[in-house]
Number of protein chains: 2
Amino acid sequence: MSELGLTSINGISCLGKHIGLKKKKKDFTIIFSAKPLTAVAVFTTNAFKAAPILVSKKHLKKSKNCVKAIVANSGNANACTGLQGILDAEETCAIFANELKIKKEEVLVFSTGVIGTALPMDKIKQGLKKIKSQLGTTYVHEFNAAQAILTTDNKPKQVTVQQNGIKIACIAKGSGMINPNMATMLCFIATNAKLSVAELQKSLNLAANQSFNQLSVDGCQSTNDSVVLLSTQEKQIELENFQKLLTELCVKVSTKIAEDAEGAGKLMEVKVKNAKTQKQAALLAKAVVSSDLVKTAITGKTGLVGRILAALGSTFIKVNPAKVKLLINGQKIFSHNQFLKVDYFLFHKNMHKKCIQIEINLNQGKKESVALGCNLTKKYVEINTFYAPGVL
Amino acid sequence: MSELGLTSINGISCLGKHIGLKKKKKDFTIIFSAKPLTAVAVFTTNAFKAAPILVSKKHLKKSKNCVKAIVANSGNANACTGLQGILDAEETCAIFANELKIKKEEVLVFSTGVIGTALPMDKIKQGLKKIKSQLGTTYVHEFNAAQAILTTDNKPKQVTVQQNGIKIACIAKGSGMINPNMATMLCFIATNAKLSVAELQKSLNLAANQSFNQLSVDGCQSTNDSVVLLSTQEKQIELENFQKLLTELCVKVSTKIAEDAEGAGKLMEVKVKNAKTQKQAALLAKAVVSSDLVKTAITGKTGLVGRILAALGSTFIKVNPAKVKLLINGQKIFSHNQFLKVDYFLFHKNMHKKCIQIEINLNQGKKESVALGCNLTKKYVEINTFYAPGVL
């Protein structure tokens with residue numbers, strides 16, 4: 001058993017391996033527990049939900065939020081694949097359930113990758129043969145699992161937070177097609193905290209709203225994105241403390257996703273302060289973090305401020321330019337509807353930092369929100385221009 | 001007097017010249033009529049409206065929509081420039097009015113370019129000296145005027161439409177930071193149609209909603225964008241016919257802007273058919289045309305369909321995937337929630353066309369809307385990364 005990560009939680013085993021959906025790279029992940037796990041999830045709100053999401057939703061309901069496994073593949077999204085897609089996702093669960101001698105509805109299934117191509121079921125079937133013996137609880141097993149869900153990510157993403165014996169750990173994938181409501185990527189979280197389904201779901205919703213739903217890589221929402229929270233129900237914890245800990249984990253993993261976004265090299269943190277409502281603060285922060293012109297200005301380290309203001313003014317929310325104050329990496333830049341005289345040397349030094357922190361004070365109320373994002377580069381365009389050669 | 005363009009309308013003269021706001025390129029445009037012109041306008045809804053917009057709005061009111069000139073500069077947006085910006089815009093109008101012996105409020109003023117830097121008034125003053133003698137009604141005068149409002153545009157944009165002696169002509173600039181509500185760029189339109197202020201305003205609003213407000217280059221809204229419609233009140237026309245003609249002009253100029261967008265080489269036309277409401281059709285068409293992933297797929301000529309569907313499904317509008325039919329350049333691609341078997345050779349041939357026409361049939365109602373956009377390239381990122389060196 002590892003000291004950190006999913007496999008540091010009693011009874012959870014993992015694997016990640018190559019079954020031939022991607023060239024050479026690992027593309028198949030399992031998270032398993034012989035004892036039942038309480039499971040809740042948030043899914044993309046996209047109308048074109050991928051087949052595995054529809055199947056996982058059904059299984060969560062049928063199993064009454066009591067599951068034993070997550071089966072996930074990368075390289076193929078099994079999205080926009082019609083009835084065949086549903087049958088394939090169901091069959092994947094059934095074969096795995098049969099191998100492990102569990103019920104089909106105790107398996108959740110996820111896919112990420114290219115849209116519109118049928119899942120090659122022969123490869124899935126071959127990959128699932130004698131899978132039980134390949135599961136393990138070492139760091140290597142978990143690292144492989146974290147690797148095998150990646151698409152255009154550069155690094156696997158693993159986060160653990162803990163407090164007084166309570167652990168929350170996750171593996172995640174991000175990169176492109178990342179924009180809220182819900183969920184912005186795949187993230188599989190496990191905890192030993194003893195909480196009800198309702199408490200877990202509420203905590204996950206709240207944490208997601210303050211992290212994944214405030215994260216934008218390219219403003220594009222995926223058909224497949226999902227966050228799952230599994231619990232072994234071992235240790236008592238105050239709900240409030242769990243909430244804090246879970247939010248901390250979700251913010252950490254969101255930051256990792258923004259840092260490792262397609263073609264990006266810089267993290268952008270936009271805090272909107274003193275808004276009338278939290279919702280308005282969140283929406284305005286998102287508008288700034290999502291602007292292609294703000295994002296290219298961060299790459300170019302110049303021409304940033306006007307673009308931030310233009311983005312801030314472009315929503316349907318009323319903003320009073322005369323009240324707005326703007327700071328970039330702590331430096332006061334704009335106030336009373338005009339640019340301030342600033343130390344240019346310091347400004348340009350700040351623009352070379354890895355993380356650009358933009359603080360916008362609306363002076364309209366008392367609520368605030370933070371959005372996370374990244375810069376836009378030619379590399380992003382290149383990756384997404386040539387991502388899926390030969391695909392419709 | 002020209003046969004086409006603004007200067008083909010009785011009494012309208014133009015000039016475009018270099019006054020030193022940009023390096024070498026023309027940067028100062030005048031449109032003038034000694035006889036009063038009825039004027040209406042639509043402006044950006046951005047909260048950070050540039051100073052010249054605030055001044056032009058005031059002048060329209062004060063002159064009771066009766067003006068004689070448009071003065072516009074490129075190279076500097078006079079936006080986020082505080083009180084000084086307002087004073088500078090007012091002074092520009094006052095100097096010009098003095099040169100031409102007209103009233104200050106008969107002058108509308110516009111700026112486009114970099115945000116946050118004060119207008120160099122010495123150059124403006126120098127440029128306005130003896131300006132009357134430089135005005136003219138030849139094609140060259142108008143071409144110069146069209147050139148002098150450009151920023152990162154490659155080509156000047158001039159459109160004329162006419163019917164039974166009624167003329168509507170315009171010059172426009174577009175390129176980046178283009179997204180609706182209102183107005184997406186600078187466009188100065190003149191007509192000889194005899195119509196009331198209310199009729200002209202209503203016609204312009206309607207035409208803008210079907211053209212400029214359905215155009216997206218990068219989803220970023222500008223602080224300066226404005227469309228002005230001037231009338232010499234010469235010829236009677238049925239309002240309905242004028243409306244059609246004006247919409248035709250606005251769609252034509254929107255298409256020119258999309259074609260010449262920063263770094264783009266391909267035009268994208270997205271038609272959403274059979275929606276419940278026109279508003280829903282418009283919003284969905286805009287969602288598709290604005291998706292960075294759809295835009296890069298058009299550059300790459302591959303992986304387009306899944307991204308179109310993901311964008312279509314990502315709004316708050318309910319879309320039924322089982323009812324959606326998708327055609328690309330006339331080829332049926334998607335229906336009944338799955339990709340169809342298509343002639344790949346024909347698909348890839350279509351993807352090489354200059355204009356990619358995406359038709360989405362929702363089968364939910366009877367309303368439709370078209371949105372215009374372009375592809376996203378590394379060149380766009382390059383232009384906007386290095387657009388304003390040395391500016392905050």
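As the structure is a computational prediction, the values presented were derived from the model and not from experiment.

1. Some details on the overall build of chain A
When you go through chain A residue by residue, the secondary structure sums to eleven helices and 15 strands. For a compact globule of 392 residues, the expected C-alpha radius of gyration is about 21 Å, and chain A comes in at 22 Å, within 12% of that figure. Principal-axis analysis of the C-alpha atoms gives chain A an extent of 70 × 50 × 35 Å. Residues counted as buried form 63% of the 392 residues belonging to chain A.

2. Considering the sheet that holds strand S10 (residues 267–275) of chain A
Residue and element names in this part refer to chain A. Read across the open sheet, the seven strands follow the order S8-S15-S10-S14-S11-S12-S13; overall the sheet is mixed. This sheet does not close on itself; its edge strands, each paired only once, are strand S8 (215–216) and strand S13 (338–339). In this structure, strand S11 (residues 325–328) lies alongside strand S14 (residues 355–361), joined through four bridges in antiparallel fashion. Residue pairing for S14: Leu 326 is matched across the bridge by Ile 360. Sheet strands in contact with helix H9 (residues 304–312) are S11, strand S12 (331–335), S13 and S14, and its direction is about 135° off that of S11.

3. Some remarks on helix H6 (residues 239–259) of chain A
Over its 21 residues, H6 of chain A extends 30 Å from the first C-alpha to the last, a length consistent with the 30 Å expected when each residue adds 1.5 Å. Buried within H6 of chain A we find Phe 242, Gln 243, Leu 245, Leu 246, Thr 247, Leu 249, Cys 250, Val 253, Ser 254, Thr 255, Ile 257 and Ala 258 of chain A.

4. Description of the domain arrangement of chain A
Residues and elements named next belong to chain A. Domain parsing of chain A yields domain 1 (6–259) and domain 2 (267–376). In this assembly, 13 residues from domain 1 lie in contact with 13 residues from domain 2. Between domain 1 and domain 2, the buried area comes to about 910 Å², and carbon and sulfur atoms account for 55% of it. Together, Gln 214, Ser 216 and Ala 258 form the three largest contributors to the area buried by domain 1 at its contact with domain 2, with a combined 57%. At the junction of domain 1 with domain 2, the criterion picks out zero salt bridges. Counting across the interface, domain 1 meets domain 2 through four residue pairs in polar contact (both at pLDDT 80 or more). Mapped by element, the contributors of at least two residues to the side of domain 1 that touches domain 2 are S8 and H6. Ranked by residues supplied to the side of domain 1 that touches domain 2, first place goes to H6 with five residues. Along the lines of polarity and charge, the residues of the side of domain 1 that touches domain 2 split into five nonpolar, six polar and two charged.

5. Quick notes on the packing of helix H5 (residues 197–209) of chain A against H6 of chain A
Between two packed helices, both the angle of their axes relative to each other and the distance between the axes serve to describe the pair. Residue and element names in this part refer to chain A. The contact between H5 and H6 brings their axes to 9 Å, and the two run at 40°. The pairing of H5 with H6 is recorded here as oblique in orientation. Every pair of crossing elements has a handedness; the one defined by H5 and H6 is right-handed. On the side of H5, the interface is formed by Glu 199, Leu 200, Lys 202, Ser 203, Leu 204, Leu 206 and Ala 207, while H6 contributes Leu 239, Phe 242, Gln 243, Leu 246, Thr 247 and Cys 250.

6. Overview of the pairing of S12 of chain A
Residue and element names in this part refer to chain A. Burial within S12 is extensive, with four of its five residues counted as buried. Pairing analysis gives three bridges linking S11 to S12, with the strands arranged antiparallel. Bridge pairing in S12 places Leu 327 opposite Lys 332. In this structure, the hairpin formed by S11 and S12 is closed by a connection of two residues, where Asn 329 is found at a positive phi of approximately 45°. Hairpin remark: S12 followed by S13, antiparallel, with two residues in the connecting loop; positive phi at His 336, about 50°.

7. A short note on the pattern of salt bridges
For side chains of opposite charge, pairing can occur when their charged atoms come near one another. Scanning the model with the defined rule gives 20 salt bridges over all chains in all. The closest approach of N and O atoms between Lys 271 of chain A and Glu 368 of chain A, which form a salt bridge, is 3.9 Å. Of this pair, Lys 271 of chain A sits in strand S10 while Glu 368 of chain A sits in strand S15 (residues 367–374), and the two are 97 residues apart along the sequence. Of the charged contacts, one joins Glu 91 of chain B and Lys 125 of chain B as a salt bridge, the two residues approaching to 3.4 Å between their closest N and O atoms. Here Glu 91 of chain B, found in helix H2 (residues 82–100), pairs with Lys 125 of chain B, found in helix H3 (residues 121–128); they are 34 residues apart in sequence, far enough to count as distant. Accessibility expressed as a relative area gives 37% for Lys 125 of chain B, which makes it partly exposed.

8. Let's talk about the layout of surface pockets
Computed from the structure, the second largest pocket encloses a volume of approximately 950 Å³. Every residue lining the second largest pocket is counted, 31 residues in all, and those nearest its centre are Gly 75, Asn 76, Val 114, Thr 117 and Val 391 of chain A. Looking at the lining of the second largest pocket, the elements with two or more residues in it are strand S3 (66–76) of chain A together with strand S12 (338–339) of chain B. Within the lining of the second largest pocket, the residues separate by chemical class into 17 nonpolar, ten polar and four charged.

9. Some details on the interface of chain B and chain A
Taken residue by residue, the interface counts 59 residues in chain B and 59 residues in chain A. Broken down by element, the residue count for the side of chain B that touches chain A peaks at seven residues, all from helix H9 (residues 304–312) of chain B. When its residues are assigned to classes, the side of chain B that touches chain A shows 31 nonpolar, 23 polar and five charged.

10. So, the packing of helix H11 (residues 378–385) of chain A against helix H8 (residues 292–300) of chain B
The contact between H11 of chain A and H8 of chain B brings their axes to 8 Å, and the two run at 70°. The orientation of H11 of chain A relative to H8 of chain B falls into the category roughly perpendicular. Crossing of H11 of chain A over H8 of chain B shows right-handed handedness. Of the residues in H8 of chain B, those touching H11 of chain A at Tyr 380, Val 381, Asn 384 and Thr 385 of chain A are Asp 292, Leu 293, Thr 296, Ala 297, Thr 299 and Gly 300 of chain B.

11. Some points on the relation of the copies chain B and chain A
Overlaying chain B on chain A yields an RMSD of 0.0 Å, the required transformation being a rotation through 180° with an accompanying axial translation of 0.0 Å. Expressed as a symmetry operation, the mapping of one chain copy onto the other fits a two-fold axis. Considering only C-alpha atoms, the residue of chain B closest to the rotation axis is Lys 378 of chain B, which sits at 2.4 Å. Interface overlap between copies: 100% of the residues of chain B at the interface are likewise at the interface in chain A, consistent with a symmetric, same-surface contact.

12. Section: the sheet that holds strand S9 (residues 267–275) of chain B
Residue and element names in this part refer to chain B. A sheet is described by the order of its strands in space; here six strands give the open sequence S12-S11-S10-S13-S9-S14, paired in mixed fashion. Pairing within the sheet leaves two strands with one partner each, and these edge strands are S12 and strand S14 (367–374). Strand direction decides the pairing type here: S9 and strand S13 (residues 355–361), joined by seven bridges, are parallel. Among the inter-strand pairings, Lys 273 is bridged to a residue of S13, identified as Asn 361. Of the strands in this sheet, S9, S13 and S14 are in contact with helix H7 (residues 278–290), which crosses S14 at around 25°.

13. Overview of the confidence of the model for chain A
Residue and element names in this part refer to chain A. Across chain A, the average pLDDT comes to 91, with 96% of residues at 70 or higher. Here residues 179–184 scores under 50 on pLDDT; set against residues more than four positions off or in separate chains, the count is 38 contacts. For this predicted complex, the interface confidence reaches an ipTM of 0.82, while the overall pTM sits at 0.84.

14. Overview of the environment of Thr 45 of chain B
Residues and elements named next belong to chain B. Counting through the fold element by element, Thr 45 comes out in the loop between strand S2 (28–43) and helix H1 (51–62). We classify Thr 45 as partly exposed; its relative accessible area is 44%. In this structure the C-alpha to C-alpha distance between Thr 45 and Asn 224, which are 179 residues apart in sequence, comes to 9.5 Å.

Procedures and definitions
Residues numbered from 1 in each chain as written. Chains lettered and ligands numbered in written order. Predicted model: local features only at pLDDT ≥ 70, side-chain atom pairs only at ≥ 80, totals over all residues. Heavy atoms only, no water. Helix = DSSP H or I, 4+ residues; strand = E, 2+ residues; numbered from the N terminus. Rg over C-alpha atoms; globule rule 2.2 N^0.38 Å. Buried < 20%, exposed > 50% of the residue type's maximum accessible area, 1.4 Å probe, protein only. Pairing = 2+ DSSP bridges. Contact = heavy atoms within 4.5 Å. Axes fitted to C-alpha atoms, helices over the stretch in contact; angles between N-to-C directions. Expected span 1.5 Å × (residues − 1). Domains from an automatic or database assignment. Buried area = accessible area lost by both parts, 1.4 Å probe. Salt bridge = Lys/Arg side-chain N within 4 Å of Asp/Glu carboxyl O. Polar contact = N/O pair within 3.5 Å; in protein donor to acceptor, adjacent residues only side chain to side chain. Nonpolar A, V, L, I, M, F, W, Y, C, P; charged D, E, K, R; others polar. Parallel < 35°, antiparallel > 145°, perpendicular 65-115°, else oblique. Left-handed = near helix turned anticlockwise from the far one by under 90°. 1 Å grid on protein atoms, 1.4 Å probe; cavity = no way out; pocket = protein on both sides within 12 Å on 5 of 7 lines; lining within 4 Å. Points joined across faces, edges and corners; volume = space filled by probe spheres on them. Least-squares fit on C-alpha atoms with pLDDT ≥ 70 in both. pLDDT = per-residue confidence, 0-100.

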